[in-house]
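Chains, contacts and geometry: an overview
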Amino acid sequence: RIIAMAVRVLVGCKRVIDYAVKIRVKPDRTGVETQNVKHSMNPFDEIAIEEAIRLKEKKVAEEIVAVSCGPEKCQETLRTALAMGADRAVHVQVDQQQYESLQPLAVAKLLSKVVEKEKINLVVLGKQAIDDDCNQTGQMTAALLGWPQATFASKITLVDDKLEVVREIDGGLETIQVNMPAVVTADLRLNEPRYATLPNIMKAKKKPMEKLTPSDLGVDITPHYDVISVEDPPQREAGTKVDSVDDLVAKLKDKGVL
Amino acid sequence: MLSTWRLVKGLLPRLLLRHQSVKAAVEIEESVVNKLWSIVGEKNVSLSMAVREQHGQDESYHECMPPGTVVWPTSTEQVSDVVRVCSEYNLPMVPFGSGTGLEGGVNALQGGVCINVSKMDEVLEVNPEDLDTTVQPGVTRHALNSYLRDTGLWFPVDPGADASLCGMCATSASGTNAVRYGTMRENVMNLEVVLPDGSVIDTAGKGRRTRKTSAGYNLTNLFVGSEGTLGVITKATLRLYGIPEETASAVCAFPSVQAAVDTSTEVIQSGIPVARIEFLDEVQVDACNKFSGLNYELAPTLFLEFHGSKSGVNEHSDRVAEIARDNDASGFQWAADADEKSKLWKARHDALYADLALRPGCKSYSTDVCVPISRLPEVIVATKQDIEVFKLTSPIIGHVGDGNFHCFIILDPDDEDELKRAKEFGLRLGRRALAVGGTCTGEHGIGQGKLELLVEEVGEAGIATMKNIKQTFDPKGLMNPGKVLPGFHIN
């Protein structure tokens, strides 16, 4: 089985608040507290990078380019991607203030331009970011590029220049076949990402990292919607104990549930 | 004369205590509760029986002994203030981390205040260039390793449960990696401890994090393994290691326990730096197969892991494969990829839960002897014979590289005779280990179940010294009474 095309992969890495952190809403309710809070790579993006690296180890992928859009600190996230095994990184610089309102459509436009520049034919993204939970960037990127999309992937195989992807859907698992070039978004069970090891972290410092701006790519990142407020979920109230089934039924009737 | 008097004074009440059924948790006075409220806030004090029962037991078979109240301090100052109040009112105190102990260490034998430190859950400092980190007691080992994942570092001590790291300090825990990376004893650089009088000390000095020291008495290692009887640990500075570049795992079955254990001792004696070498008897393999969906041969088995560079790992594994073959191993099965390796070690870590699943509704009584490796084969063989004689359900699993193994005896908590047989079996096993220069507990601690074995192990003079230390730190005997040392409880 000969794979005709050289697969060049782009992986998106978003720097988000670490999943283990207890999130606190800012007192002015405009957002969540991000100062002095641990950040790390979006877990679904770690899975995406891992999959790209496995494709490279199987000699299916030729080169992996990791991309992140945001302020200076995104470079830490890119270095992690490089340490895991990506070959090159591209940092699309967006200043802190603009970053706070950077939305999936803008990111999708930026990624599409990088795809064209780098002659990418496979985009692997996390299915969603754990901070905004938008689950839109992959789909929008595919639409902007005019490429097929295979979202919520739990298994990816390249078969005769087509991608066979098993998707996680409500009803179970769905297997689809998409033509290349394509956009895939990674779901939780796709793989278990490797850890960056010290020697690889050292090597990653020497891998190339290109810095671009949205205007270099000719993209307008103006947001299209505003966040009006961010609030804590309502506090859980105490329940009441009941002594018998009759008691339970009576209480449920009182509440209009029965 | 004085020591005899102390011995009598200490022993007699304890003998009496044994004959009472001390089940009722001592209720805490309102004035004390109010004081606790003012220290940690009302939300962080619970008098609810359900919560107290949760805190009165761990993962052992020991009967639940609830404390009078549970408090959740959120800072060292609060811990210190709580300890001062308890000391003032002569209330027993029991520190509580993750409740995953195996020796009944958190059971509040005399009621009192359970100090649950799990809300102090921050990783305070990570110094990747110095390979150290400082954590609060609510940080568990998985939480720390997840936090560290982008640094290329990890904390390798890995007992089965996702235990609190400070709890691991308190029990001098160890795990499957100890053969390569050491136990808690070798990996704790500094501790912040609240002493029974409420004062706070840093065992190596505040903020000190050196890889070695010879400054003054080694207080750090005094507290490692003290099981909450000398103070409450509120911070730990730990050594970190580089995540291995390459790992390779293998499973190897043997025709006999002797062959498997001989292989492991020969591997250690050849100086091969194996990272993990775990023994499972056929009963344990069966339990793991069923619980974790594996399919290993039901025979005495070794699970092995090698860490290092690619060439190093290949060299080590070839040499070990050769030793195994010389001992008639029936096959060396490599775990091919990351997912398979992960599954293998998860199954190993879930061993206790797998064993409990063999007889649902049962509890586990685990033994923890550790002997010089050359004596391991004879000790394990004799132990297996005893299991038959005593008619117990007991898989055996062990860190054979350290000479340490566990019998996870699964017993029906309502079957008094079975418990009696298990205890006698445990006592015989403890003594068998002591007889060959071993210890009755390699990593779980003395807790409340091995007090008499400790006396046999360290001897009268040793126990007297330990008691002197305890008396110095905790003259009122309020810190976790009834654990580790015999004869300490509230007057």
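Computed from a prediction, not measured in an experiment: that's the story for all the values here.

1. What to know about the overall build of chain B
Helices and strands together make up the secondary structure of chain B, namely 17 helices and 18 strands. Relative to the 2.2 N^0.38 estimate, which gives 23 Å for 491 residues, the radius of gyration of chain B is 23 Å and therefore close to what a compact globule would have. Projected onto its principal axes, the C-alpha coordinates of chain B cover approximately 70 × 55 × 45 Å. Across the 491 residues of chain B, 57% fall into the buried class. When contacts within chain B are restricted to residue pairs at least 6 apart in sequence, those whose partners lie at least 24 apart make up 71%. Seen as two clouds, the 46 positive and the 64 negative side-chain charges of chain B have centres 4 Å apart.

2. Brief notes about the overall build of chain A
Broken down by element type, chain A carries 7 helices and 11 strands. C-alpha extents for chain A along the principal axes are approximately 70 × 45 × 40 Å. Considering chain A as a whole, with its 258 residues, one finds that 47% of them fall into the buried category. For chain A, contacts bridging at least 24 residues in sequence account for 72% of all contacts bridging at least 6. Surface exposure of chain A reaches about 14400 Å², of which carbon and sulfur atoms provide 51%. Between the mean site of the 36 positive side-chain charges and the mean site of the 39 negative ones, chain A shows a separation of 5 Å.

3. Description of the interface of chain A and chain B
Residue-level contacts link 17 residues of chain A with 15 residues of chain B. Note on chain A versus chain B: buried area summed over both sides is about 1400 Å², and carbon and sulfur give 49% of it. Taken as a group, Lys38(A), Tyr195(A) and Leu198(A) account for 34% of the area that chain A buries against chain B, more than any other trio of residues on that side. Here chain A and chain B share 3 salt bridges between them. With its nearest N and O atoms 3.2 Å apart, the salt bridge here joins Arg149(B) to Glu46(A). Elements that contribute at least two residues to the side of chain A that touches chain B include exactly strand S3 (39-41), helix H1 (43-57) and helix H6 (198-204) of chain A.

4. Things to note about the pattern of salt bridges
Inspection of every chain in the model, using the stated rule, returns 44 salt bridges over all chains. A salt bridge links Asp121(B) to Lys22(A); the nearest nitrogen and oxygen atoms lie 2.8 Å apart. With Asp121(B) in the loop between strand S4 (113-116) and strand S5 (123-127) and Lys22(A) in the loop between strand S2 (15-17) and S3, this residue pair bridges two chains. On the accessibility criterion, Asp121(B) (33% relative accessible area) is partly exposed. Between Arg348(B) and Glu278(B) there is a salt bridge; the shortest N-O distance is 2.5 Å. One end of the pair, Arg348(B), is in helix H13 (residues 338-349); the other, Glu278(B), is in strand S13 (residues 276-280), with 70 residues separating them in the sequence. Each member of the pair, Arg348(B) as well as Glu278(B), carries the same accessibility label: buried.

5. Quick word on empty space enclosed by the protein
Residue and element names in this part refer to chain B. Evaluated as defined, the whole model comprises 2 cavities of 30 Å³ or more. For the largest cavity, the lining is made up of 48 residues, of which Thr-100, Gly-101, Leu-102, Gly-167 and Thr-171 are closest to its centre. Residue assignment for the lining of the largest cavity shows that the elements contributing at least two residues are strand S3 (93-96), helix H6 (165-170), strand S10 (232-239), H13, helix H14 (351-358) and strand S18 (404-411). The biggest single contributor to the lining of the largest cavity is H6, with 4 residues. Among the residues forming the lining of the largest cavity, the class breakdown is 20 nonpolar, 21 polar and 7 charged.

6. Side note on the state of the cysteines
Taken as a whole and judged by the stated rule, the model has 0 disulfides over all chains. With no disulfide of its own, Cys134(A) lies closest to Cys69(A) among cysteine sulfurs, the gap being 14 Å. Residue classification places Cys134(A) among the buried residues on the basis of a relative accessible area of 19%. With no disulfide of its own, Cys252(B) lies 16 Å from the sulfur of Cys288(B), the closest cysteine sulfur.

7. Focus: the sheet that holds strand S2 (residues 69-71) of chain B
All names here are of chain B. Spatial strand order, S1-S2-S4-S3: 4 strands in an open sheet with mixed pairing. Looking at the sheet topology across the chains shown, the edges are occupied by strand S1 (45-46) and S3. Sheet analysis places S2 next to S4, joined by 3 bridges and oriented parallel. Bridge pairing in S4 places Thr-69 opposite Val-113.

How each quantity is defined
- Residues numbered from 1 in each chain as written.
- Chains lettered and ligands numbered in written order.
- Predicted model: local features only at pLDDT ≥ 70, side-chain atom pairs only at ≥ 80, totals over all residues.
- Heavy atoms only, no water.
- Helix = DSSP H or I, 4+ residues; strand = E, 2+ residues; numbered from the N terminus.
- Rg over C-alpha atoms; globule rule 2.2 N^0.38 Å.
- Buried < 20%, exposed > 50% of the residue type's maximum accessible area, 1.4 Å probe, protein only.
- Contact = heavy atoms within 4.5 Å.
- Lys, Arg positive; Asp, Glu negative; His and termini not counted.
- Charge placed at Lys NZ, Arg CZ, Asp CG, Glu CD.
- Areas by Shrake-Rupley, 256 points an atom, 1.4 Å probe, with all protein chains shown as cover.
- Buried area = accessible area lost by both parts, 1.4 Å probe.
- Salt bridge = Lys/Arg side-chain N within 4 Å of Asp/Glu carboxyl O.
- 1 Å grid on protein atoms, 1.4 Å probe; cavity = no way out; pocket = protein on both sides within 12 Å on 5 of 7 lines; lining within 4 Å.
- Points joined across faces, edges and corners; volume = space filled by probe spheres on them.
- Nonpolar A, V, L, I, M, F, W, Y, C, P; charged D, E, K, R; others polar.
- Disulfide = S-S within 2.5 Å.
- Pairing = 2+ DSSP bridges.

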